[in-house]
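What follows is the residue order along each chain.
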Amino acid sequence: MEVYTNENDQVDAIKRFFANNGVALVVGLVIGVGGVFGWNYWQSHKTNVLQESAQKYEAVSTQLHSGTVQGIEAAQKFAAETDDVYSAMMGLELAQISVDKGDLANAQKALTDALSKAKTVDMQDLISFRLARVQLALGNLDQAMTSIENIKGKSWQAAAQDVRGDVLLQKGDKAGAKAAYTQGLESDGSQSLRGILTLKLNNVSNS
């Protein structure tokens, strides 16, 4: 390190430093400030976009539940063009309406699309669970099993094992179904679900 003998030497050294590095320092400062500003702007922008999406979701959801063809088309358009949690939620609503109409193929499509837009594990688990149930009803047993395996949350395991047992039973694997129902009972499930699992386990054990 250079040792300065007097204040004049220090001033001269500072001048030389800024002469050699001034541009880089200014650019660095601009980038640093710009980075902070850009990050704050981006966060604010995302919040505004999400708020707009929430408002549009409410309006389209109301339109969807009016039961009109235009409502369904508006909901499908919103789900396709939006890439956030509200798109996934709209997909869930579209799937439910399709299930209510007995149109399981469209329900499967709506849920598959919604899954690709889900941003959190909880939402992914919910969609995967409903998708597995629809796939089971369609007889797409391998797809249903894959959807069940994609469920990660501990709170979903009892419900997941319930559907997994049903899939295995339809595949003719009674031992596997029995194991799934048993595992479901050992998981954290509601009292009503535990009752269903107990009934299914008894039926499989006695068949």
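As a reminder, the structure under discussion sits directly above these lines.
Residues numbered from 1 in each chain as written. Predicted model: local features only at pLDDT ≥ 70, side-chain atom pairs only at ≥ 80, totals over all residues. Heavy atoms only, no water.

Some points on the packing of helix 8 (residues 174–186) against helix 9 (residues 191–206)
Here is the rule: Between the N-to-C directions of two axes lies an angle of 0 to 180 degrees, each axis being a line fitted to C-alpha atoms and, for a helix, fitted only over the stretch in contact. The secondary structure listing takes helices from DSSP runs of H or I that are at least 4 residues long and strands from runs of E that are at least 2 residues long, numbered from the N terminus. For this classification, under 35 degrees means roughly parallel, over 145 means roughly antiparallel, 65 to 115 means roughly perpendicular, and everything else is oblique. Throughout, a crossing is termed right-handed when the near helix is turned clockwise from the far one, and left-handed when it is turned anticlockwise from it by less than a right angle. Contact between two residues is taken to exist if any of their heavy atoms lie within 4.5 Å; hydrogens are not considered. Residues were grouped as follows: Ala, Val, Leu, Ile, Met, Phe, Trp, Tyr, Cys and Pro as nonpolar; Asp, Glu, Lys and Arg as charged; and all remaining residues, including Gly, as polar.
Where helix 8 contacts helix 9, the axes come no closer than 9 Å and their chain directions differ by 155°. When the axis of helix 8 is compared with that of helix 9, the two are roughly antiparallel. Judged by the sense of rotation from one axis to the other, the crossing of helix 8 with helix 9 is left-handed. Between helix 8, through Lys174, Ala177, Lys178, Tyr181, Thr182, Gly184 and Leu185, and helix 9, the contact on the second element is made entirely by Arg194, Leu197, Thr198, Lys200, Leu201, Val204 and Ser205. For the contact of helix 8 with helix 9, a count of residues per class yields six nonpolar, four polar and four charged.

Focus on the nonpolar core
When a protein is soluble and globular, its nonpolar side chains tend to lie buried together. The test is simple: To form a nonpolar core, buried Ala, Val, Leu, Ile, Met, Phe, Trp, Tyr and Cys residues must be joined to one another through side-chain atoms within 4.5 Å. With a 1.4 Å probe rolled over the protein chains alone, any residue whose accessible area is under 20% of its type maximum counts as buried; one over 50% counts as exposed, and the rest are partly exposed.
Residues Leu64, Met90, Leu94, Leu111 and Ile127 are the most contacted members of the largest nonpolar core, which totals 25 residues. It is helix 3 (residues 85–100) that provides the largest number of residues to this core, a total of seven residues. With near-sequence residues (within four places) excluded, Leu64 lies in contact with Gly71, Ile72, Ala75, Met90, Glu93, Leu94 and Ile97. Within the second largest apolar cluster, 23 residues are counted, among which are Met145, Trp156, Ala177 and Val204.

Some details on the packing of helix 5 (residues 121–138) against helix 6 (residues 141–149)
Where helix 5 meets helix 6, the closest approach of the two axes is 8 Å, and the angle between their N-to-C directions is 165°. The angle between helix 5 and helix 6 falls in the class roughly antiparallel. Note that helix 5 runs across helix 6; the crossing there is left-handed. Contacts between helix 5 and helix 6 involve Ser128, Leu131, Ala132, Gln135 and Leu136 on the former and, on the latter, Leu141, Gln143, Ala144, Ser147 and Ile148. Taken together, the residues that form the contact of helix 5 with helix 6 break down as six nonpolar, four polar and no charged.

A closer look at the packing of aromatic side chains
Keep this limit in mind: Between the rings of Phe, Tyr and Trp (Trp by its six-membered ring), a pair exists once the centres lie within 6.5 Å; its type follows the angle of the planes, with under 30 degrees stacked, over 60 edge-to-face, and the other angles tilted.
Here the structure, examined in full by the defined rule, presents three aromatic pairs. A ring pair is formed by Tyr57 and Phe78, whose centres lie 6.4 Å apart and whose planes are at 45°; its orientation type is tilted. A residue pair is termed long-range when its members are at least 10 positions apart, and Tyr57 in helix 1 (residues 7–64) and Phe78 in helix 2 (residues 69–81) qualify at 21 residues. The class of Tyr57 is buried, set by a relative accessible area of 8%. Judged by centre distance (5.5 Å) and plane angle (40°), the rings of Tyr57 and Tyr86 are tilted. Here Tyr86 lies in helix 3 and Tyr57 lies in helix 1, a separation of 29 residues in the sequence.

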